[in-house]
Structure formats: structure tokens, C-alpha cells
Amino acid sequence: MDQFSPVVDTGEWYFAERNTFCTQCEDLELAYPVYQDIHRPARTLVSANMQYQLRAFNQAIKLSLEIDNLLDQRTYAVANNQQGVETGRSFWVGVEYTW
């Protein structure tokens, strides 16, 4: 089984010597970004979806509520000391009317 290993960009660069890779090449500079393995803790995300429907005289109103990340757990989608957006708990409310 393959295992996923998360990495983050350190912002540093590794500059390789030209003669290490190609002794016959002309001036060639090889630069590679440096990444670091990181550990992300295990997490459990819980979501909820509720619907309620009212019917009267061949008409219906359906109310719905969806809550993602109910317990507002950190997802670790953005590593420490990195920039990005990591959403927390979110709500979706819906109303549907049928006649």
C-alpha cells in the first residue's frame, strides 16, 4: 500500500554544480526548490445534513440545513508557517417551494 507523505516548500533553493550532472554542457545553472517532510496529525471531520418537508394542498416547502466540519476541527490543509486558507465550520441553508 502506498503511503502519502505531506511536504511543504521551505522557500530555500538547492543550487547544483553544472559538472555534477553534465560535464559537457555550457554554462548551466540548476536550481531546485527544497521541500521538507512534515507530520500532519490524524483528524476526524463530522458533517450533518437535515431536511424538513411541510405538505399542504398539493404544495410543499422543504427546509434544509447542511453543516460541514460540525466540530470545527482543524483540517491541516495549510501547514504551519505557510500561507493559505483553511476553512472551518460552514453552513448551507436552503428553502424549496413546490406547487
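Residues numbered from 1 in each chain as written. Predicted model: local features only at pLDDT ≥ 70, side-chain atom pairs only at ≥ 80, totals over all residues. Heavy atoms only, no water.

A. View of the overall build of the protein chain. When its secondary structure is counted, the protein chain shows 1 helix and 5 strands. Going residue by residue from the N terminus, the α and β elements of the protein chain occur as β-α-β-β-β-β. Out of the 99 residues belonging to the protein chain, those deemed buried represent 10%. At a minimum sequence separation of 6, the contacts of the protein chain that also span at least 24 residues come to 47%. (Helix = DSSP H or I, 4+ residues; strand = E, 2+ residues; numbered from the N terminus. Buried < 20%, exposed > 50% of the residue type's maximum accessible area, 1.4 Å probe, protein only. Contact = heavy atoms within 4.5 Å.)

B. Summary view of unusual backbone geometry. The backbone phi angle of phenylalanine 57 is positive, close to 55 degrees, even though this residue is not glycine. Assessed through its relative accessible area of 81%, phenylalanine 57 is described here as exposed. One non-glycine residue, asparagine 58, lies in positive phi territory at about 60 degrees. With respect to the helices, strands and loops of the structure, asparagine 58 is situated in the loop between β3 (48-56) and β4 (59-68). Taking the relative accessible area as the measure of exposure, asparagine 58 reaches 80% and is therefore exposed.

C. Up close: the layout of surface pockets. Of the volumes computed, that of the largest pocket is approximately 170 Å³. Lining the largest pocket are 14 residues, and of these Val8, Ile38, His39, Ala79 and Asn80 lie nearest its centre. (1 Å grid on protein atoms, 1.4 Å probe; cavity = no way out; pocket = protein on both sides within 12 Å on 5 of 7 lines; lining within 4 Å. Points joined across faces, edges and corners; volume = space filled by probe spheres on them.)

D. View of the sheet that holds strand β5 (residues 90-98). Spatial ordering of the open sheet is given by β3-β4-β5, a layout of 3 strands whose pairing is antiparallel. Of all strands in the sheet, those bounded by a partner on one side alone are β3 and β5. Put simply, the sheet's adjacent strands are angled 10 degrees from each other on average, direction ignored. Of the pairings in the sheet, the one linking β3 to β4 comprises 9 bridges and is antiparallel in character. Considered in β4, the bridge of glutamine 51 is made with serine 64. (Pairing = 2+ DSSP bridges. Axes fitted to C-alpha atoms, helices over the stretch in contact; angles between N-to-C directions.)

E. Representation of the pairing of β4 within the structure. The antiparallel pairing of β3 with β4 creates a hairpin that spans 2 residues between the two strands, and phenylalanine 57 there sits at a positive phi of about 55 degrees. Inspection of the sheet shows β4 paired to β5 by 9 bridges, in the antiparallel sense. Pairing of serine 64 across the sheet is with glycine 94, part of β5.

F. Looking closely at the side chain of threonine 75. Assignment of secondary structure puts threonine 75 in the loop between β4 and β5. Given the relative accessible area of 17%, threonine 75 is considered buried. Once you skip the residues sitting within four places of it in the chain, threonine 75 turns out to touch Arg43, Leu45, Asn69, Glu86 and Thr87.

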